[in-house]
Amino acid sequence: MNEHSIKHSSNKLDDARDTQKTASISNELNAYDRSTTPKQEELILTARRSLIDLPTTKVKRPSRRDQSFSWAYTYTAFSLPFAKAAIEYLGCNTQSKIIDPFSGSGTSLIAASGLGCHSLGIDISPFSCLLARSRVAVCFDTNLVNTYLEGDNKIATEEADQSAISRSDMSYLRSVARKMGLNKNINEIWGNLLNDNLGNYDSEIVTIVSLCLAARDVTKLEKGSNPIWYRPSLSEKAEEGITLESTAKNYAKRIMDDLSTCSYATKPNIVNVDVRDYISNEKYDICLTSPPYLNRLDYVVAHIPELTVLNVFLKFSIPDLKSMMIGTTKINEKNYGEPPSVWGRYCNEVLKKIEAHSSYASRRYYYHTYRQYFSSLAEALAATISNLKANGKGLIVIQNSYYKDIAIDVPTICCEMLSHLGCESEVARTEYVKSHMGYMSPIQNSYAPNKKLGEALVYFEIKN
Ligand SMILES: C[S@@+](CC[C@H](N)C(=O)[O-])C[C@H]1O[C@@H](n2cnc3c(N)ncnc32)[C@H](O)[C@@H]1O
């Protein structure tokens, strides 16, 4: 790999456009997302010097709820300064096309738009797609959003008492949908909403995302393996005057205040599909992405309130979404056969160790969830590479993991999979992760007391 040429080949952004784009993105950059270059002592492995200088991938949780753009924060996002610097590092110019096959809250898409580049985000979660789109929904009409959110509650509904949403909130949500002209559902126009370069639906986007975010605040999750909404907390809050409606109106105000400081000449395209099924007609130059980590985080459970409200507008199956999420803890298929060679030798060794582990559930349950993860990761990487140009390149942010005392170097597994897909790749930098789900369980920690969890940058280039 010619590092020099990669870094300097095409980093010339058009000056006039540059000023405008830099201004628009800097509003988000300067908001809550102040990242710095990681401290040397936080780096575990440092293969490519030039990548050491990229800002940290980690995002600090906004310290105040009302901080600008804090509504766009998600626990799994990487940082916007990192995304911008990474895309620049990968040699973007205004002609470059960027793809993020796991776009989540859309950080790489915002960075690409800020640099004046065309980008495509793919995510299986409709809420992630909505949130990502809302970050560029700058053409909203304040009066229209306020009118939509002014519930009339005259819509009688028999729905939903059995589910998460109380009858009065369902009635409110239905009245919002009716005002929007979305009496039935928005499935027919969902694709247009997410790919609306003119911003024709920005008011609808701001309205729905405000309702989803409000749902998170006014409800509590019941603890357990299958959380549902905890309706009593809603009524407790309602007694204090905190309702879905009032909270959604507050969110809408904050979102519109923040968006009114931004302008984007280039807006991303977003597709709400399983990345494994998506082959684009267009080919992309640069990939910047972060797949779900091997940490048993359940994205669907983590966003149940938002998904449940969105489900009033958009028809989709929450259980099906859970099954299709990469990293799901739900076993879709049991398979003990020899893993395909394209997953790489090291992955095969790890799976054998998990299968042979002495604990009772290892072979019967955990082996399958890990195998399923590697299978879907391999398929997702194959689809991603096929959406890139012949000289495409990219950065993948991914964490290592442990199964009990078995270390699982997921970044290395990624590299071996990429090598089978015709790429040269390397683990270019790893930062220690201090707070991590993997440290939380004392039982898990007892298996590997000295474990070090890290967030790696995997660099790759297509070679043949
Ligand atoms: C680590 S997060 C990405 C975070 C993103 N970089 C950001 O800054 O917000 C991984 C994302 O992958 C998505 N995902 C999981 N399985 C998927 C699949 N089969 N196809 C597409 N996206 C998927 C999840 O919904 C989640 O948003």
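Residues numbered from 1 in each chain as written. Predicted model: local features only at pLDDT ≥ 70, side-chain atom pairs only at ≥ 80, totals over all residues.

> Mind laying out the overall build of the protein chain, listing which residues take part and the relevant values?
A count of helical and extended segments in the protein chain gives 20 helices and 10 strands. By residue count, 46% of the 464 residues in the protein chain fall in the buried class. (Helix = DSSP H or I, 4+ residues; strand = E, 2+ residues; numbered from the N terminus. Buried ≥ 20, exposed ≤ 12 C-beta atoms within 10 Å, placed from the backbone.)

> Can you explain the confidence of the model for the protein chain? Please cite residues and give values.
For the protein chain, the average pLDDT comes to 85, and 80% of its residues sit at 70 or higher. Counting interchain partners and residues more than four positions distant, the pLDDT-below-50 stretch residues 1–23 has 30 contacts. In the model, residues 223–233 has pLDDT below 50 throughout and makes 17 contacts with residues more than four positions away in sequence or in other chains. (pLDDT = per-residue confidence, 0-100. Contact = placed C-beta atoms within 7 Å.)

> Break down the environment of K389 for me, with residues and values.
Structurally, K389 is set in strand β6 (residues 388–399). C-alpha separation for the pair K389 and K97, spaced 292 residues apart in sequence, amounts to 9.7 Å. If near-sequence neighbours (up to four positions away) are discounted, K389 is found in contact with K283, Y284 and D285.

> Summarise the packing of helix α6 (residues 126–134) against helix α14 (residues 304–313); cite the residues concerned and give the values.
α14 packs onto α6 with a crossing angle of 85° between their chain directions and a minimal axis gap of 9 Å. As judged from the angle between their axes, α6 and α14 are roughly perpendicular. Residue-level contacts link P126, F127 and L130 of α6 to E306, L307 and L310 of α14. Of the residues in the contact of α6 with α14, the class split is 5 nonpolar, no polar and 1 charged. (Axes fitted to C-alpha atoms, helices over the stretch in contact; angles between N-to-C directions. Parallel < 35°, antiparallel > 145°, perpendicular 65-115°, else oblique. Nonpolar A, V, L, I, M, F, W, Y, C, P; charged D, E, K, R; others polar.)

> Describe helix α8 (residues 167–179), and please don't skip the residues or the numbers.
Helix length check: α8 (13 residues) gives 18 Å between terminal C-alpha atoms against 18 Å at 1.5 Å per residue, within 8%. Restricting attention to buried positions, one finds in α8 the residues D169, M170, Y172, L173, R174, S175, V176 and A177. Check the buried side of α8 and you find it contacts α7 (142–149), α10 (202–218), α12 (244–259) and α14. Note on α8: the residue one or two positions beyond its end, G181, has a positive phi of about 80°. (Expected span 1.5 Å × (residues − 1).)

> So what's going on with the packing of helix α4 (residues 80–89) against helix α5 (residues 107–114)? Which residues, and what values?
The description of two packed helices rests on the angle between their axes and on the distance between the axes. At a minimum axis separation of 8 Å, α4 and α5 run at an interaxial angle of 55°. Considering the angle they form, α4 stands oblique to α5. Taken as a pair, α4 and α5 cross one another with a handedness that is right-handed. Where α4 abuts α5, its residues L80, A83, K84 and I87 lie against T107, S108, I110, A111, A112 and G114. Of the residues that constitute the contact of α4 with α5, the class distribution is 6 nonpolar, 3 polar and 1 charged. (Left-handed = near helix turned anticlockwise from the far one by under 90°.)

> Explain unusual backbone geometry residue by residue, including any values.
Despite not being glycine, F69 shows a phi value in the positive range, around 65°. Looking at the secondary structure, you find F69 in the loop between α3 (49–52) and α4. You can call F69 buried: it has 23 C-beta atoms within 10 Å. The backbone of R296 shows a phi angle near 65°, a positive value even though the residue is not glycine.

> A description of helix α18 (residues 410–420) should follow, citing residues and the corresponding values.
Side chains that are three or four residues apart share a direction in an α-helix, a result of its 3.6 residues per turn. What α18 keeps buried is the set V410, P411, I413, C414, C415, M417 and L418. Backbone geometry just downstream of α18 places G422 in the positive-phi region, at approximately 85°.

> Any chance you could break down the environment of E416 for me, citing the residues and the numbers?
Here E416 is to be found in helix α18. What makes E416 partly exposed here is the crowd of 19 C-beta atoms within 10 Å. Separated by 70 residues in sequence, E416 and Y346 have C-alpha atoms that sit 7.9 Å apart. Setting aside residues no more than four positions away along its own chain, E416 makes contact with G344, R345, Y346 and C347.

> I'd like a description of the nonpolar core, backed by residues and values.
Across soluble globular proteins, nonpolar side chains show a tendency to be buried alongside one another. Of all hydrophobic cores here, the largest spans 121 residues; its most connected members are I87, C212 and V458. Looking at which element gives the most residues to this core, the answer is α10, with 10 residues. Counting contributing residues per domain, this core is built from domain 1 (1–125 + 271–291 + 326–464) and domain 2 (137–263 + 299–316), each supplying no fewer than three. Apart from residues lying up to four places away in sequence, C212 is in contact with F127, L130, E306, V309 and L310. (Core = buried A, V, L, I, M, F, W, Y, C linked by C-beta atoms within 7 Å. Domains from an automatic or database assignment.)

> Please set out the pairing of strand β5 (residues 284–289) residue by residue, giving values where relevant.
Of all 6 residues that make up β5, 6 are buried, and the element is covered over most of its length. Strand direction decides the pairing type here: strand β2 (residues 97–100) and β5, joined by 2 bridges, are parallel. Paired with I98 across the strands is I286, a residue of β5. (Pairing = 2+ DSSP bridges.)

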